[in-house]
Amino acid sequence: MELKICHLYPDVLNLYGDRGNILCLQKRLEWRGIECRVDYVKLGEQSDLTGYDLFFIGGGQDFDQEILLEDLRTRKGPEIGAALEDGRTFLCICGGYQMMGHYYETAEGEKCEFLGAIDFYTVGGKKRMIGNYAFRLGDESGGSTVVGFENHSGRTRLGSGVRPLGKVLKGYGNNGKDKTEGVRYRNAFCTYSHGPVLPKNPAFADLLLETTLRRKYGACTLEPLQDQFENLAHDTVLKKI
Ligand code: GLN
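Residues numbered from 1 in each chain as written. Predicted model: local features only at pLDDT ≥ 70, side-chain atom pairs only at ≥ 80, totals over all residues. Heavy atoms only, no water.

1. Section: the overall build of the chain
Okay, so step 1: Counting secondary structure elements, the chain contains six helices and twelve strands.
Okay, so step 2: Taking 2.2 N^0.38 as the reference for a compact globule, 241 residues should give roughly 18 Å; the C-alpha atoms of the chain span a radius of gyration of 17 Å, in line with that estimate.
Okay, so step 3: When its C-alpha atoms are laid out on the principal axes, the chain stretches across 50 × 45 × 30 Å.
Okay, so step 4: Scored against the burial criterion, the 241 residues of the chain give a buried share of 54%.
Okay, so step 5: At a minimum sequence separation of 6, the contacts of the chain that also span at least 24 residues come to 69%.
Okay, so step 6: Here the chain has roughly 10500 Å² of accessible surface; of this, 50% comes from carbon and sulfur atoms.
Okay, so step 7: Across the chain, the 31 positively charged side chains and the 33 negatively charged ones have centroids separated by 5 Å. (Helix = DSSP H or I, 4+ residues; strand = E, 2+ residues; numbered from the N terminus. Rg over C-alpha atoms; globule rule 2.2 N^0.38 Å. Buried < 20%, exposed > 50% of the residue type's maximum accessible area, 1.4 Å probe, protein only. Contact = heavy atoms within 4.5 Å. Areas by Shrake-Rupley, 256 points an atom, 1.4 Å probe, with all protein chains shown as cover. Lys, Arg positive; Asp, Glu negative; His and termini not counted. Charge placed at Lys NZ, Arg CZ, Asp CG, Glu CD.)

Okay, structure coming up:
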């Protein structure tokens with residue numbers, strides 16, 4: 001078995017150790033003897049995105065989001081949309097999450113037209129939403145508790161037919177109002193959680209791997225790993241907040 005991972009815009013979208021999510025996925029596959037290849041597809045690069053099983057997009061500041069708009073529209077956007085509809089796995093963080101929606105309007109009123117691959121939009125506010133936070137994944141995403149760190153100005157509102165990734169237990173999540181966090185659409189998992197999110201949430205990391213392996217190889221149950229340090233990190237953060 002082998003998974004092919006694509007890290008999109010690693011040169012532009014990568015905040016608060018987001019790249020650690022890739023390292024975590026690589027390690028959790030390696031520890032189980034499953035092969036993994038990671039490719040990095042940067043701004044300005046034209047690349048065939050059809051062969052990837054899992055895509056990762058990290059977070060970025062408003063400025064970073066603005067500079068990739070042209071590339072998104074003319075190069076990568078259509079293939080990203082096709083991979084999403086085809087059930088490939090996506091993990092998208094904060095600015096990378098916002099990119100999957102219709103648009104992001106900054107607090108200053110500048111509008112970034114994004115992919116519109118998932119039905120939601122984001123509008124910036126003056127007060128940033130910052131801090132450690134926790135949310136519970138929806139039942140269709142395994143129901144585990146996720147701890148993370150958020151720092152965003154954007155308030156995200158989901159379309160009526162779109163489900164959130166989880167429910168906020170502590171912190172702001174999508175907009176600080178309706179207790180929703182992130183979005184789950186097909187096999188896309190979008191969240192505001194930096195940190196990186198996966199190393200201290202091993203159940204979430206394995207959910208992504210299982211989802212991806214199942215799509216590619218059919219039935220799959222991952223061998224459990226010795227997660228005492230990961231779980232200790234998770235529980236320590238949860239207690240603190
Ligand atoms: N620019 C976005 C916001 O502030 C995303 C920030 C981020 O990725 N941390 O809402």
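2. Some words on helix α5 (residues 202-217)
Okay, so step 1: With 16 residues, α5 extends 22 Å from end C-alpha to end C-alpha; this agrees with the ideal 22 Å at 1.5 Å per step.
Okay, so step 2: When α5 is considered as a whole, its buried residues turn out to be P202, F204, A205, D206, L207, L208, L209, E210, T211, T212 and L213.
Okay, so step 3: Positive backbone phi, at 85°, marks G218, one or two positions downstream of α5. (Expected span 1.5 Å × (residues − 1).)

3. Some remarks on the sheet that holds strand β2 (residues 35-41)
Okay, so step 1: Within the open sheet, the six strands sit side by side as β2-β1-β3-β4-β12-β11. Their pairing is mixed. Sheet topology places β2 and β11 (183-185) at the edges, where each strand pairs with a single neighbour. Sheet twist, expressed as the average angle between the axes of neighbouring strands with direction ignored, equals 15°.
Okay, so step 2: Sheet topology note: the strand β3 (residues 54-57)/strand β4 (residues 89-93) ladder contains four bridges and is parallel. Paired with F55 across the bridge in β4 is F90. (Pairing = 2+ DSSP bridges. Axes fitted to C-alpha atoms, helices over the stretch in contact; angles between N-to-C directions.)

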